[in-house]
Amino acid sequence: MKIEEFIRLLKEHLEFDNIDIRPDTNLKALDGFDSMSIMTIIALTDEHFSKKLTARQLASITTVNSLMGLIGEEHFCS
Amino acid sequence: MEFATFHFFLFFPVAVILYYLLPQRFRWILLLLASALFYCAFSWKYLGLLLFAAGFNYLVALNINRGKGVPGRIIYVAGLTGNLFLLCFFKYVNYWGIDFDNLAQILHLTYPPGVTGVLFPLGLSYFVFTSIAYLIDVKNGDIPAERHAGIFTAYLLFFPKVVQGPIERAGNILPQFHRDHAFLHGNIRQGLALMVWGFFKKLVIADNLAPFVGLIFSGKSSAGGPATAAGVLVFGIQLYADFSGYTDIALGSAKVLGFDLVQNFKRPFRAHSVRDFWSRWHISLSSWCSDYIFLPVLATSYNVKRYLGRYSLLKWLSAEKIMYTAGSYLTFLIIGAWHGVGWNYIIVGLLFGSYVSLDVLTYNLRKRLYGKRLSESRPGLNRFLDIFITMVLVNVVWIFFRTGTPAQAMNILHNLFDNWTLSGLMKSIELMAASGLDGRQLAAGTAGMILLLATEFLPENTDCTARILAAPGYIRWSMYYLFIAIIILYCAGETRQFIYLQF
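Residues numbered from 1 in each chain as written. Chains lettered and ligands numbered in written order. Predicted model: local features only at pLDDT ≥ 70, side-chain atom pairs only at ≥ 80, totals over all residues. Heavy atoms only, no water.

J.: Residues and numbers for the overall build of chain B, please.
T.: The number of helices and strands found in chain B is 21 helices and zero strands. Restricting the contact set of chain B to residue pairs at least 6 apart, pairs at least 24 apart contribute 78%. For chain B, the accessible surface area stands at approximately 23,100 Å², while carbon and sulfur atoms represent 69% of it. (Helix = DSSP H or I, 4+ residues; strand = E, 2+ residues; numbered from the N terminus. Contact = heavy atoms within 4.5 Å. Areas by Shrake-Rupley, 256 points an atom, 1.4 Å probe, with all protein chains shown as cover.)

J.: Quick rundown of the overall build of chain A? Include the residues and the values.
T.: When helices and strands are counted, chain A shows four helices and zero strands. When its helices and strands are written in sequence order, chain A yields α-α-α-α. In terms of overall size, chain A behaves like a compact globule, its C-alpha atoms giving a radius of gyration of 11 Å where 78 residues would be expected to give roughly 12 Å. Each principal axis of the C-alpha atoms in chain A carries an extent, and together these give about 30 × 30 × 20 Å. Sequence-distant contacts in chain A: of pairs separated by 6 or more residues, those separated by 24 or more amount to 58%. (Rg over C-alpha atoms; globule rule 2.2 N^0.38 Å.)

J.: Residue-level account of the packing of helix H14 (residues 343–361) of chain B against helix H16 (residues 380–402) of chain B, with values.
T.: All names here are of chain B. Their axes nearest at 8 Å, the elements H14 and H16 cross at an angle of 165 degrees. By the criterion of interaxial angle, the relationship of H14 to H16 is roughly antiparallel. Pair H14 / H16 crosses with left-handed handedness. Here Asn344, Tyr345, Ile347, Val348, Leu351, Phe352 and Tyr355 of H14 come into contact with H16, specifically with Leu393, Val394, Val396, Val397, Trp398, Phe400 and Phe401. In terms of residue class, the contact of H14 with H16 is built from 13 nonpolar, one polar and no charged. (Axes fitted to C-alpha atoms, helices over the stretch in contact; angles between N-to-C directions. Parallel < 35°, antiparallel > 145°, perpendicular 65-115°, else oblique. Left-handed = near helix turned anticlockwise from the far one by under 90°. Nonpolar A, V, L, I, M, F, W, Y, C, P; charged D, E, K, R; others polar.)

J.: Just give me the short version of the nonpolar core, but keep the residues and values in it.
T.: Counting 170 residues, the largest nonpolar core has A:Phe6, B:Phe8 and B:Phe352 as the members making the most contacts within it. With 18 residues, helix H2 (residues 27–64) of chain B is the single largest residue contributor to this core. Those residues in contact with B:Phe8, other than ones at most four positions away along the chain, are B:Met1, B:Glu2, B:Phe3, B:Pro13, B:Phe38, B:Phe159, B:Met195 and B:Phe199. (Core = buried A, V, L, I, M, F, W, Y, C linked by side-chain atoms within 4.5 Å. Buried < 20%, exposed > 50% of the residue type's maximum accessible area, 1.4 Å probe, protein only.)

J.: Could you give an account of the interface of chain A and chain B, naming the residues involved and the relevant values?
T.: If you look at the interface, chain A gives 22 residues, while chain B gives 25 residues. Summing the contributions of chain A and of chain B, the shared interface buries around 2,100 Å²; its carbon and sulfur component is 55%. Ranking the residues of chain A by area buried against chain B places A:Glu15, A:Met36 and A:Met39 at the top, with a combined share of 29%. Remark: the boundary between chain A and chain B carries three salt bridges. In this structure, A:Asp34 and B:Arg275 form a salt bridge, with 2.3 Å as the shortest nitrogen-oxygen distance. Where chain A touches chain B, the interface holds nine residue pairs in polar contact (both at pLDDT 80 or more). For the side of chain A that touches chain B, the secondary-structure elements that each account for two or more residues are helix H2 (35–49) and helix H3 (55–60) of chain A. With eight residues, H2(A) is the largest single contributor of residues to the side of chain A that touches chain B. (Buried area = accessible area lost by both parts, 1.4 Å probe. Salt bridge = Lys/Arg side-chain N within 4 Å of Asp/Glu carboxyl O. Polar contact = N/O pair within 3.5 Å; in protein donor to acceptor, adjacent residues only side chain to side chain.)

J.: Describe the packing of aromatic side chains, listing the residues and the values that go with them.
T.: Residue and element names in this part refer to chain B. Per the counting criterion, the structure on display carries 56 aromatic pairs over all chains. Between Phe9 and Phe199, the aromatic rings sit 5.3 Å apart at their centres with planes inclined by 40 degrees, giving tilted as the arrangement. You can see Phe9 sitting in helix H1 (residues 6–21) and its partner Phe199 sitting in helix H8 (residues 185–217), a full 190 residues away along the chain. Judged by its relative accessible area of 7%, Phe199 falls in the buried class. (Phe/Tyr/Trp six-rings, centres within 6.5 Å; stacked < 30°, edge-to-face > 60°.)

None of this, on its own, says anything about what the molecule does.
Right, dumping it as structure tokens:
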């Protein structure tokens, strides 16, 4: 999956339509990123990548890059 | 010793001066002795217990990853169990004391007299949660086990945070104990400014509002709807001023020593939902519960989804929402139990769990109704409504938090809806006039409350302390003297114990 497409998917699922998100954007610092966002990320990683994230991995999510790293860099291309 | 005492005003400057006179390698000794002295002023009897617990956790952490496989796991489980036993024994033995006595009689067991009448060691809830987080983080490899026993004990007993938090993660603060803290004017100024603000919140706002809140919650006679509503709202502010006041004093005193403790509050009165509220209130506890309870439960969504997927009738259920709900209830019940045992705290947990779960479960429906994203703060009148509704929901929970029993809480709720007429308003005024409340005290508390709420609604990233510290010297010093004068002139005649000291 292209990185731009992943970011578009992320924005759509997390409903950050009006926010400019880039690979180095700190998701945790965004207004509205909370426990429900984590729940959405769980659904997204399972549905699109068949990837299970552990509780520690979920707690460690910061930037979009960090999330892509947890999913697996091999899933993404620029 | 409590912060708002003459002893602390003697203790703290001496501790700071000695701290900076000592070479870095000996400072942990000073901090450990100072923290022990600070705690002894509350209860020297339980200092030994905390020192024992510190030693226990120190040894467990060192050996968790040494024993491969089963031995390491046994040590780990024993460590967690030991900490939980310590907390549960002291927190709940008094509540269940009578039942223990009856059970012991039936089983013909004997134990030393007074066991079931033990008092609760101050700060134990914070101490145990800090220790549990430490052991889990060491087991997971997030941080190495601390090898210096003295520094580890100084970290657990660190006097700014030992009795009332914040719950400090080892990864944040242990490295600071190993760093050389130079004497920096910036740290001293920032720390003292924070402490002054904390004392203002505690002594001028919280303690001056306490008698009015006490009158409303006494339940001796119905205060009428208007006064009860005012009392409930003011309690929320008293609680915030009291607890965040302590936190500011703790953060400030640590800053003077060169330590950065974690922020525990982030303008909770701006919360636009109960989920948002818990990202702003008692942050060290909510983040602890999120990392060690909520997220592990939520992460099981993957397995739950696989299980539901096997049954066609269950496929439509959202595994994530099911586990979100389960995680929310479990988290908030634990938060309630952390505060104490009793049906009122269980109801606190159930209410917050219900608020957060319903928020998520009805999210899509509400989004269809309102047509836009609900999680982020909405502008204008909608924002005001979101904040107002959130505060109403939270204040209903605070009623159960403040009263001793559900029956007393229901009485307050009944009074809340009672007599919202002109006669009810007159009755409220008559009650206030006849109550003997000190008008000057109430006025000072009210003025302070207005100032506090005004700072809450400044732009989100405004750091008032930094703004004052950056101001020209004559403005800065005027503010310092003004606040100190107000504290001296308008502090409540009777200094009350910090509310969260009881937890």
